[in-house]
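What the coordinates show
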Amino acid sequence: MPNSVPVVATRSVSAPAVVATPSSQAPLSDLNLAARQRMLSQRVVMQTLLAASGDKPQLAAACKTFQLFCDSEAQLLATLSHYDEASARQLRAVYEGPQGIGVTIETFMDRMRRTLEAIERGGQVQPLLSDIVGSTDEVLEALNKATSTFDAIAKAKSERLFKELGTIVSDIHTIAREAKIVSFNAQVIAARAGNHGREFAVVANVLSGISTEIDGLTKKALHLADRKQHA
């Protein structure tokens, strides 16, 4: 039975197609997905070269790898709707236009599809293989650029989140410090009130203990956030 070569339609970044992720596997992050594309591109080229030399099992393997590459690329393009406007604009600038990497990747996919079809039919494949091998560096450069862009976006997002977290924890720390001051003042008033302020002193002591605990936890959270951001 002949292998099924994926039929790849040309996709625009502005109109992505959503590709379902198998429920049995945890979805990869966009950054990891982009990084995996580089490995898949090299794997499918190697498998295709072996298939062209008459290794039929490698043809099936190449078709499977190529399908995974196509699906992953469509999934990456579909993520644009999940990004903020600035990040989406950054990705479009990388993918779209005559100099965008989208053209390079789509050309690679089209060449690969035609090559696998030619191998399956037993047709002339050497010119197609030469085009694929000759464009390997260009394809890798394009995929590296995609990976770098997703990496930069992920880092920027992480920095914003840690900055927001630091602000929130700092606010909590300020409130805890103010609560300690209130608790101290309450203890002073309770001491002056003597027996009449005994119950009030208990409450003040509890408030002091809570505020101290919150203060310690916020310091730990700030320390961890700072360590994570530097890491």
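Throughout, a residue's number is its position along its own chain's written sequence, starting from 1. Residue-level local features of this predicted model are given only where pLDDT is at least 70; pairs of side-chain atoms are given and counted only at 80 or more, and the full residue set underlies all totals for whole chains, interfaces and linings. For side-chain calculations, the full set of non-hydrogen atoms in the structure is used, while hydrogens and water are omitted.

Describing the overall build of the protein chain
This is how the line gets drawn: Strands here are runs of E lasting at least two residues and helices are runs of H or I lasting at least four, both read from the DSSP assignment and numbered beginning at the N terminus. Burial here depends on accessible area, computed with a 1.4 Å probe over protein chains only, as a share of the maximum for the residue type. Under 20% is buried, over 50% is exposed, and the range in between is partly exposed. Pairs of residues are marked as contacts when any of their non-hydrogen atoms sit within 4.5 Å.
Helix and strand content of the protein chain: seven helices and zero strands. Put simply, the protein chain runs from its N terminus to its C terminus through helices and strands in the order α-α-α-α-α-α-α. Burial status across the protein chain gives 33% buried among its 231 residues. In the protein chain, the proportion of contacts linking residues at least 24 apart, taken out of those at least 6 apart, comes to 76%.

Concerning helix H3 (residues 85-95)
Inclusion rule: Note that the arc is computed from the directions linking the helix axis to the C-beta atoms. What qualifies as a polar contact is a pair of N or O atoms within 3.5 Å, subject to a donor-acceptor requirement within protein and to the restriction that residues adjacent in sequence count only when both atoms come from side chains.
Taken residue by residue, H3 has Ser87, Ala88, Leu91, Val94 and Tyr95 as its buried positions. Buried positions in H3, seen along its axis, are confined to an arc of 120° and lie on one side of it. Exposed side chains of H3 directed beyond 90 degrees from the buried face belong to Glu85 and Ala93. Structurally, H3 contributes buried residues whose contacts are with helix H2 (56-78), helix H4 (101-121) and helix H6 (136-193). Between a side-chain oxygen at the N-terminus of H3 and the backbone nitrogen of Ala86 the separation is 3.2 Å; the capping residue is Asp84.

Overview of the environment of Thr104
Within the secondary structure, Thr104 is located in helix H4. A sequence separation of 38 residues divides Thr104 from Ala142, and the C-alpha atoms of the two residues are 6.9 Å apart. Discounting chain neighbours no more than four positions away, the residues touching Thr104 are Glu138, Val139 and Ala142.

Remarks on a nonpolar patch on the surface
Put simply, the test is: Patch definition: residues with relative accessible area over 30% and no salt bridge; like charges joined within 9 Å; nonpolar side chains (Val, Leu, Ile, Met, Phe, Trp, Tyr) joined within 5 Å. In these tables, accessible area is a Shrake-Rupley quantity obtained with a 1.4 Å probe, and a residue counts as shielded only by the protein chains included in the view. We define a salt bridge as a contact between a side-chain nitrogen of Lys or Arg and a carboxyl oxygen of Asp or Glu at a distance within 4 Å.
Together, Ile168, Ile172, Val202, Val206, Ile210 and Ile214 make up an exposed nonpolar region whose accessible area comes to about 490 Å². Of all the elements in the fold, those that place two or more residues in the nonpolar patch are H6 and helix H7 (198-230). With four residues, H7 is the largest single contributor of residues to the nonpolar patch. Locating Ile172 in the fold gives a position in helix H6.

Looking at the nonpolar core
The criterion, for reference: Take the buried residues of types Ala, Val, Leu, Ile, Met, Phe, Trp, Tyr and Cys, join any two whose side-chain atoms come within 4.5 Å, and each joined set is a nonpolar core.
With 37 residues, the main nonpolar core has Tyr95, Ile105, Phe108 and Met112 as its most contacted residues. Looking at this core, the elements with two or more residues in it are helix H1 (30-52), H2, H3, H4, helix H5 (126-134) and H6.

Overview of the confidence of the model for the protein chain
So the rule is basically this: Per residue, pLDDT captures the predictor's confidence, and it can take any value from 0 to 100.
Taken as a whole, the protein chain shows an average pLDDT of 80; of its residues, 85% reach a score of 70 or greater. When pLDDT is averaged over each element of the protein chain, H4 comes out on top at 94 and H7 at the bottom at 73. Confidence drops under pLDDT 50 across residues 6-25; counting only partners more than four residues distant or on other chains, this segment forms 34 contacts.

Some thoughts on the packing of H2 against H4
Stated precisely, the cut-off is as follows: In this description, a line fitted to the C-alpha atoms serves as the axis of each element, helices being fitted only across the stretch in contact, and the angle between N-to-C directions of two axes falls anywhere from 0 to 180 degrees. Angular relationships are summarised with four words: roughly parallel below 35 degrees, roughly antiparallel beyond 145, roughly perpendicular across 65 to 115, and oblique for the angles in between. With the far helix as reference, a near helix turned anticlockwise by less than a right angle produces a left-handed crossing, and one turned clockwise produces a right-handed crossing. Under this grouping Gly is polar, as are all residues other than the nonpolar Ala, Val, Leu, Ile, Met, Phe, Trp, Tyr, Cys and Pro and the charged Asp, Glu, Lys and Arg.
At a closest axis distance of 11 Å, the pairing of H2 and H4 adopts a crossing angle of 155°. On the basis of their axis angle, the class for H2 and H4 is roughly antiparallel. In this structure, H2 meets H4 at a crossing whose hand is left-handed. Contact with H2, carried on its side by Leu59, Ala62, Cys63, Phe66, Phe69, Cys70 and Glu73, involves Ile105, Phe108, Met109, Met112, Arg113, Leu116, Ile119 and Glu120 of H4 and no other residues of that element. Counted by class, the contact of H2 with H4 contains 12 nonpolar, no polar and three charged residues.

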